[in-house]
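# Results of the structural survey
Spelled out from the first residue to the last, the chains are:
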Amino acid sequence: MTARSDGRAVDELRPVSIQPHFTEMPAASVLVRFGRTTVMCTASVDERVPRWMDRPGNTRGWVTGEYSMLPGATSPRFRREVSRGGLSGRTQEIQRLIGRSLRAVTDLEKLGPRTVYLDCDVLQADGGTRTASITGAYVALALACDTLLEEGVIAALPLTDSVAAISCGMLEGRALLDLPYVEDAAADVDLNVVMTGSGRLIEVQGTGEEATFTRAELNALLDLAEKGIGELSTLQQEALPDRLHFK
């Protein structure tokens, strides 16, 4: 296949690394890198549920995500959103996406009446920060749930599958996998895909950037995403103990 500006084939991921136990304070932490994009994902457990769930007889838990871009993640400096009066629409959208993606593979009844917070902080941004966040946050969630199980807080692992995410795009008539910023900014079509390790779709976000795309092009992008997520799922398994693998 034709090489890209960074030497990759159109269907090739950037170099990906998943480093668990990056920090010590949260229930679990993971440093994930997709090329130059670097995200720290932490899982923290709160023995309470959100107020809207806190009612007599509730036995279900909750999994939610928070996302932020650190000022030094970009050049020029990214201004902290708290200094701009609140979260941007983009940040809120990504936080909801992270939460939906992780809840899709979590049995909230088995989790019990507690909340797992997945905090995804972008240390360096070069495209694909939301997909890297989901991929790393899953590993953090799995490690946190494993700790709860080992400590006897929960009776069974509440995960039903793994989940990972990847970006794709159409650029100059080519379908490309895992776009860095230079490609993402120029792409005619952007697609973000969230999928389980067993190949079931959770979310597909596709947009034509002042362009349209055909059903055939969409299918080509989905094929790329499926291949990439399969590779990411393998890397997630390599970062986790065998007891947390889904066959």
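All of these numbers come straight from a predicted model, not from anything done at the bench.

Further remarks concern the sheet that holds strand β2 (residues 28-34). The mixed open sheet is built from five strands, whose spatial order is β1-β2-β3-β5-β4. Edge strands, defined here as strands with exactly one partner in the open sheet, are β1 (16-20) and β4 (62-69). Pairwise comparison of adjacent strand axes, ignoring direction, gives a mean angle of 15° for this sheet. Against the sheet, helix α3 (residues 129-150) makes contact with β1, β2, β3 (37-46), β4 and β5 (115-124), and its axis sits at roughly 35° relative to β3, the strand it touches most. Taken strand by strand, helix α5 (residues 215-239) contacts β1 and β2, and its axis lies near 25° from that of β1.

Moving on: the packing of aromatic side chains. Scanning the model with the defined rule gives one aromatic pair in all. Summarising the aromatic geometry, the rings of Trp-52 and Trp-62 are spaced 5.0 Å apart at their centres and angled 90° between planes, so their arrangement reads as edge-to-face. With Trp-52 in the loop between β3 and β4 and Trp-62 in strand β4, the pair connects residues that are 10 residues apart, well separated along the chain. Of the residues examined, Trp-52 reaches a relative accessible area of 56% and is grouped as exposed. Here the guanidinium or amino end of Arg-84 rests over the ring plane of Phe-78, the centre of that ring lying 4.9 Å away.

Our focus in this paragraph is the UniProt feature "binding site: phosphate" (unreviewed entry) in the chain. The UniProt feature table records "binding site: phosphate" (unreviewed entry) at Arg-90, Gly-128, Thr-129 and Arg-130. Over a stretch of 41 residues, the named residues converge on one spot in the fold, their C-alpha atoms separated by at most 13.4 Å. Looking at where Arg-90 falls in the secondary structure, it is placed in helix α1 (residues 89-103). Ignoring anything within four residues of it in the chain, the contact list for Arg-90 reads Tyr-67, Met-69, Thr-129 and Arg-130. There is a polar contact of 3.4 Å between the side chain of Arg-90 and the side chain of Tyr-67. Within the secondary structure layout, Thr-129 lies in helix α3. Setting aside anything within four residues of it in sequence, one finds Thr-129 in contact with Thr-37, Val-39, Tyr-67, Arg-90 and Val-122. Within the structure, the side chain of Thr-129 is placed 3.4 Å from the side chain of Arg-90, a separation counted as a polar contact.

It is worth spelling out the nonpolar core at this point. Formed by 63 residues in total, the largest nonpolar core has its most connected members in Leu-102, Tyr-138 and Ile-166. In terms of residue count, the dominant contributor to this core is α3 (12 residues). Setting aside residues up to four positions removed in sequence, Ile-166 forms contacts with Leu-13, Phe-34, Thr-131, Leu-177, Asp-178, Leu-191, Asn-192, Val-193, Ala-225, Ile-229 and Leu-232. Counting residues in each nonpolar core, the second largest holds five residues, with Val-10, Leu-176, Leu-179 and Ala-187 among its members.

Conventions and cut-offs
- Residues numbered from 1 in each chain as written.
- Predicted model: local features only at pLDDT ≥ 70, side-chain atom pairs only at ≥ 80, totals over all residues.
- Heavy atoms only, no water.
- Pairing = 2+ DSSP bridges.
- Helix = DSSP H or I, 4+ residues; strand = E, 2+ residues; numbered from the N terminus.
- Axes fitted to C-alpha atoms, helices over the stretch in contact; angles between N-to-C directions.
- Contact = heavy atoms within 4.5 Å.
- Phe/Tyr/Trp six-rings, centres within 6.5 Å; stacked < 30°, edge-to-face > 60°.
- Buried < 20%, exposed > 50% of the residue type's maximum accessible area, 1.4 Å probe, protein only.
- Lys NZ or Arg CZ within 6 Å of the ring centre and 35° of its normal.
- UniProt positions renumbered as here; feature names shortened; annotations may be inferred.
- Polar contact = N/O pair within 3.5 Å; in protein donor to acceptor, adjacent residues only side chain to side chain.
- Core = buried A, V, L, I, M, F, W, Y, C linked by side-chain atoms within 4.5 Å.

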